[in-house]
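Notes for the structure review
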Protein chains: 2
Amino acid sequence: MNPETLTLLQQHFGSKLSTAGAVLEAHGRDESRIDFHLPDAVLFAESEEDVLDALRFAGERQFPIVPFAVGSSLEGQVIPVQGGLSLDLSGLNRVIAIEAGGFQATVQAGVTYPELNRQARQHGLFWAVDPGAEASLGGMASTNASGTGAVKYGTTRDNILEMRVALLDGRVIRVGSRARKTSAGYDLKNLFIGAEGTLGIILELTVRLWPLPAEVVVLRGNFQSVAGAAACAVSIMGAALQPERLELIDEREIHAVNVHLGRHYPERPTLWIELASPSRAALAESLALCRELCEDAGAQDLAVASSPAERADIWEARHKAYSAMVALHPTHVNLSTDVCVPLHRLPEVVAATRAACDGRGLDASFVGHVGDGNFHVLFHAAPDDKATWDAIHATYDEMMSLTLAAGGTCSGEHGIGLHKKKYLAQERADTLELMREIKAVFDPTGLLNPQKIF
Amino acid sequence: MNPETLTLLQQHFGSKLSTAGAVLEAHGRDESRIDFHLPDAVLFAESEEDVLDALRFAGERQFPIVPFAVGSSLEGQVIPVQGGLSLDLSGLNRVIAIEAGGFQATVQAGVTYPELNRQARQHGLFWAVDPGAEASLGGMASTNASGTGAVKYGTTRDNILEMRVALLDGRVIRVGSRARKTSAGYDLKNLFIGAEGTLGIILELTVRLWPLPAEVVVLRGNFQSVAGAAACAVSIMGAALQPERLELIDEREIHAVNVHLGRHYPERPTLWIELASPSRAALAESLALCRELCEDAGAQDLAVASSPAERADIWEARHKAYSAMVALHPTHVNLSTDVCVPLHRLPEVVAATRAACDGRGLDASFVGHVGDGNFHVLFHAAPDDKATWDAIHATYDEMMSLTLAAGGTCSGEHGIGLHKKKYLAQERADTLELMREIKAVFDPTGLLNPQKIF
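One numbering rule holds for all chains: residues counted from 1, following each sequence as written. Each chain gets a letter, beginning with A, and each ligand a number, beginning with 1, in the order they are written. Thresholds applied to this predicted model are a pLDDT of at least 70 for local features of residues and 80 or more for the giving and counting of side-chain atom pairs; totals over whole chains, interfaces and linings are not thresholded and use all residues. Only hydrogens and water are set aside when side-chain values are computed; all heavy atoms of the structure are taken into account.

Observations concerning the overall build of chain A
- Here a helix means four or more residues in a row that DSSP labels H or I, a strand means two or more in a row labelled E, and each is numbered from the N terminus. Within chain A one finds 16 helices and 19 strands.
- When the backbone C-alpha atoms are referred to their principal axes, chain A occupies close to 70 × 60 × 45 Å.
- Each residue's exposure class comes from its accessible area (1.4 Å probe, protein chains only) as a fraction of the maximum for that residue type: buried when under 20%, exposed when over 50%, partly exposed otherwise. Looking at chain A as a whole, 61% of its 454 residues are labelled buried.
- For this analysis, residues touch if any pair of their heavy atoms sits within 4.5 Å. Considering only contacts within chain A whose residues lie at least 6 apart along the sequence, 71% involve residues at least 24 apart.

Section: the nonpolar core
- Among the nonpolar cores identified, the biggest contains 191 residues, and Leu271 of chain A together with Leu271 of chain B are the most heavily contacted of them.
- Filtering out sequence-adjacent residues up to four positions away, Leu271 of chain B remains in contact with Leu219, Arg220, Gly221, Phe223, Ala229, Cys232, Ala233, Ile236, Leu246, Glu247, Leu248 and Val370 of chain B.
- Among the nonpolar cores identified, the runner-up in size contains 24 residues, and Leu9, Phe57, Ala58 and Leu448 of chain B belong to it. Within this scheme, the nonpolar core is defined by two criteria: the residues are buried Ala, Val, Leu, Ile, Met, Phe, Trp, Tyr or Cys, and they are joined through side-chain atoms within 4.5 Å.

So, the UniProt feature "domain: FAD-binding PCMH-type" (unreviewed entry) in chain A
- UniProt positions are given in the numbering used here, feature names are shortened, and annotations may be inferred rather than shown by experiment. UniProt marks residues 35-212 of chain A with the feature "domain: FAD-binding PCMH-type" (unreviewed entry), using the numbering shown here.
- Taken as a whole, residues 35-212 of chain A contains 21% helix and 26% strand, while its terminal C-alpha atoms sit 39 Å from one another.

Quick look at the interface of chain A and chain B
- Contacts between the two partners involve 80 residues from chain A, matched on the other side by 80 residues from chain B.
- Taken over both partners, the interface formed by chain A and chain B buries close to 6,300 Å², and the fraction arising from carbon and sulfur atoms is 56%.
- Buried area: the sum, over both parts, of the accessible surface (1.4 Å probe) that disappears when the two are put together. For the chain A face of the interface with chain B, the top three residues by lost area are Lys181, Ser183 and Tyr186 of chain A, together amounting to 16%.
- Only one rule defines a salt bridge in this text: a Lys or Arg side-chain nitrogen within 4 Å of an Asp or Glu carboxyl oxygen. Residue Arg157 of chain A pairs with Asp187 of chain B through a salt bridge whose shortest N-O separation is 3.0 Å.
- Polar contact criterion, stated in full: a pair of N or O atoms within 3.5 Å, where within protein one must be able to donate a hydrogen and the other to accept it, and residues adjacent in sequence count only if both atoms are side-chain atoms. Where chain A touches chain B, the interface holds 34 residue pairs in polar contact (both at pLDDT 80 or more).
- Going through the elements one at a time, α6 (150-153), β9 (172-176), α7 (189-192), α8 (226-238), α10 (280-296), α15 (421-427) and α16 (432-442) of chain A are the ones with two or more residues in the side of chain A that touches chain B.
- Considered class by class, the residues forming the side of chain A that touches chain B number 34 nonpolar, 30 polar and 16 charged. Ten residues, namely Ala, Val, Leu, Ile, Met, Phe, Trp, Tyr, Cys and Pro, are considered nonpolar, four, namely Asp, Glu, Lys and Arg, are considered charged, and the remaining ones, Gly among them, are considered polar.

Side note on the pattern of salt bridges
- With the rule as written, the count across this model stands at 72 salt bridges over all chains.
- Residue Glu247 of chain A is joined to Arg318 of chain A by a salt bridge in which the shortest nitrogen-to-oxygen separation is 2.7 Å. Of this pair, Glu247 of chain A sits in strand β13 (residues 245-249) while Arg318 of chain A sits in helix α11 (residues 308-319); the two residues are 71 residues apart in sequence, bridging distant segments of the chain.
- Exposure remark for Glu247 of chain A: the relative accessible area of 1% places this residue in the buried category.
- Under the relative-accessibility criterion, Arg318 of chain A is labelled buried at 8%.
- The salt bridge involving Arg245 of chain B is made with Glu274 of chain B; its shortest N-O contact spans 3.1 Å. A residue pair is termed long-range when its members are at least 10 positions apart, and Arg245 of chain B in strand β13 (residues 245-249) and Glu274 of chain B in strand β14 (residues 270-277) qualify at 29 residues. Each member of the pair, Arg245 of chain B together with Glu274 of chain B, is buried.
- Ionic contacts of the salt-bridge type, sharing partners, join the residues Glu48, Glu162, Arg164, Arg174, Arg178 and Glu204 of chain A into one network.

Quick look at the structure:
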């Protein structure tokens, strides 16, 4: 950004624009901590007008504009790799309306999902997508985030009814519908979901809420291997138990959680299975069937967490598994993966991936939203340990080949950002050019979050 | 299509190409019976190669190409209004694979959903979207069809994992993923779903299957008014009973069904509510709660259909309601509407629409997938009865204003086709131009199903 442009923005936005070192640094990285690049300035937008003004200036002066809210992306999505303006939307934090009878809420893009849940709870409702970080709803829409709740309630994509989106040319458009279904013209809503801010800036979302389940338990059990745990997850899905959550967490991640949170979970590959029903009797039936399936699959130490406190402990552990692993190796760099495969191929892909890690002697840990066929391998090494990084990248390549051969995808929920462009090009060789042509319809000169996805 | 082009196609496709009068006529209309236009020729494609050859010829010789399978569209989607080639895909009728462990099936675009269900049933699975007509899966994808099952299982959109699509330039692309979720690049899959054949030709679909529910009943009850029945439906949804189907059918439609199918249902506004559970005990609990909600809402003559035969009778009646109404007035033309509104606005929009019909003395009947906020008003009049048609169109306009004011959509499930272009332009004034620009990426000269949607 040239000095005159910066001066212009400072004059227009006043104290909402910051070039303070600490502010620029906080907007130069995300949770992945792999890449780092400073923006030229950060705009703390306080209104839709601020966003529209920023877009107008970007178009006139041709500088990059990169949306930011919580900074919890994992693939470098919010990093302004070409500098320009980091557009901080965390000030657009108003829950505009909750329509309990319509199971929907309208929020500004900077509202975090825990805040929405805090307000929805008093209506007996909740936002069901739970990625674990304190993500904003605009950010979740931009990567189609999901997490533990998706196995029952779908991903962010499935839970957004309508959005208002600002385009580079200053138009604000409405995509999707507040009706539960629509067949009215091309589906532009789903084009913006998962577009990582490369097509427009999401201003406002009307989202689906769900009734809070009445009776809930978590069953946990340990297995001989991650592949054995994955196979059990497949059999639970096959029995149509429709769990609320169905999570795999391996012995290394359990160890990290035990150390980090002072827990005493058995350090073995584990499934955490949340079941819910409208009544206690119905829940007891589901639980009995689920226990039986776990025992048949060789589960040990089956235990039931019934109280809200015990359940909250388990999901806190799941949410903090990533940061617990990162904390175990404070001087290392971490690389998280995010493949998702059809359910019937999950056990073989997990087993082959584990064998690939073990074969190269890598200290790689596994967690997974296995009811969806989605799992993450977390690698780590010292930044300068070239031999280990070569082994990690070779393993990641191998994991991708296994995934694509099984009909899977390089990203189940984290998106592409900077880190998975190579794998997207492999997975979507036949449509990458079409995606670029669509990008050009909205952003012909490449100002919106440049270098992401492609 | 000029004579040389027709000769070229005849030489290339031989007996697969037809210009027989009866064949052209069968491809010149759809279920709506409002518009009619003959194609120049019909190609009965027997393979993907036939489709690709047809597209190549269309591009080279610049003639329109309009996909056709069962012809069950309701908004004129399959009518070749500019002539050209009707591309009949009903010969692409192979169920390629059913992966029971992955809850998915791969089918060619011409497979009908009842045929898929016939084959899935032996695996304990089913395709959950049930629009009532014997629609093809390619056709259902092209309009994002839904019907009775959507309240529990979502629309066609929600149940398609991956598609292979032929583009005008001869490319075959894969959109979506066989994994249950993906965040890998722009969502092109949802762009083709609901595009009514205007962007490309769907060749093959991998779809989601669901476990057949174990214990099922249908509760039926009668109400004083359609608005009263709609209000009861909203309270059932609010109680999180998650019905399998939740259908409103008014006294006129019940009368038509009684006449047409020899039934003896009470001729009153009615709800048909299907409930399912994994066990009998759980089902009994749901049924008791549902009965209570119906009684609180003033339902009368509550009756439970438990046997498969009784339930099949009810759903046959629902599926044939449209043709039963049409048969009541054999010399009339029918006009079906398809609005969908947020659930909390449904009773008021139904009541106001009914008042608008009654105020103009129209013999209009109501059916609705009311758990989704979607309802259809069926109008009819003699073709030359200008006064009644004026009243019908004025009522339809009024219904659309009510719908849009309530945050709803002009099409819940039938699509736009020829008949709803005016209403789409009203609902999507801010994005229609963007849709045209996206169309131009795939079909710059407007050969794919011209004049539809826009």
